[in-house]
Amino acid sequence: MEKIRKELDRNLLTQPFAGLSLYESQLEHGKHIARFYSKLEHCISVLSDMKARKSYIYYGSLAKEFGFQLYESSIDSIWEDQLLSLINSDDLQKKYKVELQFFNFLNSLDINERTNYEVVTKLRAKTATGEFVLLQHRLRYLDAAAEDCLSLALCLYQKVPHHAAFNTPDAVIINKISGQVIECSQNKLAEILSPREKEVMQLMKCGYPSKEIASRLALSIHTIHRHRQNIFEKLNVTNVIEACRIADGADLL
């Protein structure tokens, strides 16, 4: 679990934040959205600011079940650990894994398409009375002045009603414009890499140099170089070691 969260930290906190235009107004707008959701949907809403490494938490009426006071707070972390500590450990690992996949998926898209998507995950969380309840966790990134980074993340924790008609998916990415659904649990995000790029990535992971990979796949060295570059761009990395970490953490192979 720690390995995946550290990888998320590395990806989220080392983005090119310098020179973000309209940053302060976007942050204030994000706070307004988070506060609005907490009141409208009676949920716990968290706005995480990757640039400042802070989070702003807004407690709707759901917070009472976990023993939290109904108030607003800010913390010097992008992780709402007081709440995360109440989530089933297996579900928490799934949450981190899916969020890493989601980050890599968004970075494979055009900047203007990223805010069209959100990821939804089902979580079990322990209440103040020691009982477990089902929560729907929704994560989406807010527009940060159309800059090439994902700087503001909005997380919503909502209770799943006790009725068969109100079930929530285990882990999916949803295009809010088209309605397209990508099943994370079925590893559809592995489609980020083409079949040939996966072959190249597997051999890279085994330590083979480009010349050897070209020989094994009966391709030219120039084609292998092109595949390597495409892999790096899709995974938002600069070298093989980073690419392998992303592939392992997000189950891309």
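The rules behind these values
Sequence positions are assigned chain by chain, starting from 1 and proceeding in written order. The predicted origin of the model limits local features to residues at a pLDDT of at least 70 and limits the giving and counting of side-chain atom pairs to 80 or more, whereas totals for whole chains, interfaces and linings rest on all residues. In computing side-chain properties, one takes all heavy atoms of the structure into account and sets aside hydrogens as well as water. A pairing counts as a salt bridge when a side-chain nitrogen of Lys or Arg comes within 4 Å of a carboxyl oxygen of Asp or Glu. Numbering of helices and strands runs from the N terminus, with a helix taken as a DSSP run of H or I at least four residues long and a strand as a DSSP run of E at least two residues long. With a 1.4 Å probe rolled over the protein chains alone, any residue whose accessible area is under 20% of its type maximum counts as buried; one over 50% counts as exposed, and the rest are partly exposed. Throughout, an axis means a line fitted to C-alpha atoms (over the contacting stretch in the case of helices), and angles, computed between N-to-C directions, take values from 0 to 180 degrees. Each angle receives one of four descriptions, namely roughly parallel if under 35 degrees, roughly antiparallel if over 145, roughly perpendicular if within 65 to 115, and oblique otherwise. For this analysis, residues touch if any pair of their heavy atoms sits within 4.5 Å. Under this grouping Gly is polar, as are all residues other than the nonpolar Ala, Val, Leu, Ile, Met, Phe, Trp, Tyr, Cys and Pro and the charged Asp, Glu, Lys and Arg. Only buried Ala, Val, Leu, Ile, Met, Phe, Trp, Tyr and Cys residues count toward a nonpolar core, and they belong to the same one when joined by side-chain atoms within 4.5 Å. Here, expected helix span is obtained from the residue count minus one, scaled by 1.5 Å. Planes of paired rings set the category: under 30 degrees apart is stacked, over 60 is edge-to-face and the rest tilted, where pairs are Phe, Tyr or Trp rings (Trp by its six-membered ring) whose centres lie within 6.5 Å. By this definition, two strands are paired if DSSP reports at least two bridges between them.

Caption draft 1: Structural context of the pattern of salt bridges. By the definition in use, this model includes 15 salt bridges. With a closest N to O distance of 2.8 Å, Asp91 and Arg124 form a salt bridge. Taken as a pair, Asp91 in helix H4 (residues 89–107) and Arg124 in strand S4 (residues 117–126) lie far apart in primary sequence, 33 residues in all. On the basis of relative accessibility, which here comes to 7%, the residue Asp91 falls in the buried class. Exposure remark for Arg124: the relative accessible area of 36% places this residue in the partly exposed category. Residue Glu118 pairs with Arg138 through a salt bridge whose shortest N-O separation is 3.3 Å. Residue Glu118 is located in strand S4, and its partner Arg138 is located in strand S5 (residues 132–142); the two are separated by 20 residues in the primary sequence. When its relative accessible area of 3% is taken as the criterion, Glu118 is described as buried.

Caption draft 2: Focus on the packing of helix H5 (residues 195–205) against helix H7 (residues 221–235). Packing of H5 against H7 brings their axes to within 10 Å, and their N-to-C directions diverge by 90°. By the angle class used here, H5 and H7 are roughly perpendicular. From H5, Arg196, Glu197, Val200, Met201 and Met204 reach across to H7, where they touch Ile224, His227, Arg228, Asn230, Ile231, Phe232 and Lys234. Its residues assigned to classes, the contact of H5 with H7 comprises six nonpolar, two polar and four charged.

Caption draft 3: Here's a closer look at the nonpolar core. Ile44, Phe102, Phe105, Tyr141 and Tyr157 are the most contacted members of the largest nonpolar core, which has 63 residues in total. In terms of residue count, H4 provides more of this core than any other element does, eight residues in total. In this structure, Tyr56, Tyr58, Leu142 and Leu154 belong to the second largest nonpolar core, which totals eleven residues.

Caption draft 4: Representation of unusual backbone geometry. The phi dihedral of His42 is positive, around 55°, even though this residue is not glycine. Take His42: it is sitting in the loop between helix H2 (23–40) and strand S1 (44–49). Non-glycine residue Arg53 carries a positive phi angle of around 55°. Along the chain, Arg53 turns up in the loop between S1 and strand S2 (54–59). Given the relative accessible area of 44%, Arg53 is considered partly exposed.

Caption draft 5: Broad picture of helix H1 (residues 2–13). Given a rise of 1.5 Å per residue, twelve residues ought to cover 16 Å, and the 16 Å separating the end C-alpha atoms of H1 matches this to within 8%. The complete set of buried residues in H1 reads Ile4, Arg5, Glu7, Leu8, Asn11, Leu12 and Leu13.

Caption draft 6: Structural context of the packing of aromatic side chains. A full pass over the atoms with the stated rule returns seven aromatic pairs. Taken together, a centroid distance of 5.3 Å and an interplanar angle of 80° make the contact between Trp79 and Tyr96 edge-to-face. In this pair, Trp79 is assigned in the loop between strand S3 (72–75) and helix H3 (81–84) and Tyr96 in helix H4, connecting sequence segments 17 residues apart. Per residue, the accessibility class of Trp79 equals that of Tyr96, and both read buried. An aromatic cluster is built from Tyr59, Phe66, Phe68 and Tyr71, whose rings are joined through pairwise contacts.

Caption draft 7: Representation of the environment of Leu27 within the structure. With respect to the helices and strands, the residue Leu27 is situated in helix H2. If sequence neighbours within four positions are ignored, Leu27 has contacts with Leu47, Asp49, Tyr56 and Leu152.

Caption draft 8: A look at the sheet that holds S5. Read across the open sheet, the eight strands follow the order S3-S2-S1-S6-S5-S4-S7-S8; overall the sheet is antiparallel. Edge positions in the open sheet fall to S3 and strand S8 (181–183), since each of these has one partner strand only. Neighbouring strand axes in the sheet, compared pairwise and without regard to direction, differ in orientation by 20° on average. Both S5 and strand S6 (residues 152–159) contribute to a ladder of eight bridges, which runs antiparallel. Bridge assignment links Arg138 to a residue of S6, and that residue is Leu156.

Caption draft 9: Spotlight on the pairing of S2. For S2, the buried fraction is high: five of the six residues fall into the buried class. In terms of strand pairing, S1 meets S2 through six bridges, oriented antiparallel. The partner of Ile44 across the bridge, within S2, is Tyr59. The antiparallel hairpin formed by S1 and S2 contains four residues in its connecting segment, where Arg53 sits at a positive phi of about 55°. Inspection of the sheet shows S2 paired to S3 by four bridges, in the antiparallel sense. Counterpart to Ile57 in the pairing with S3 is Ser73.

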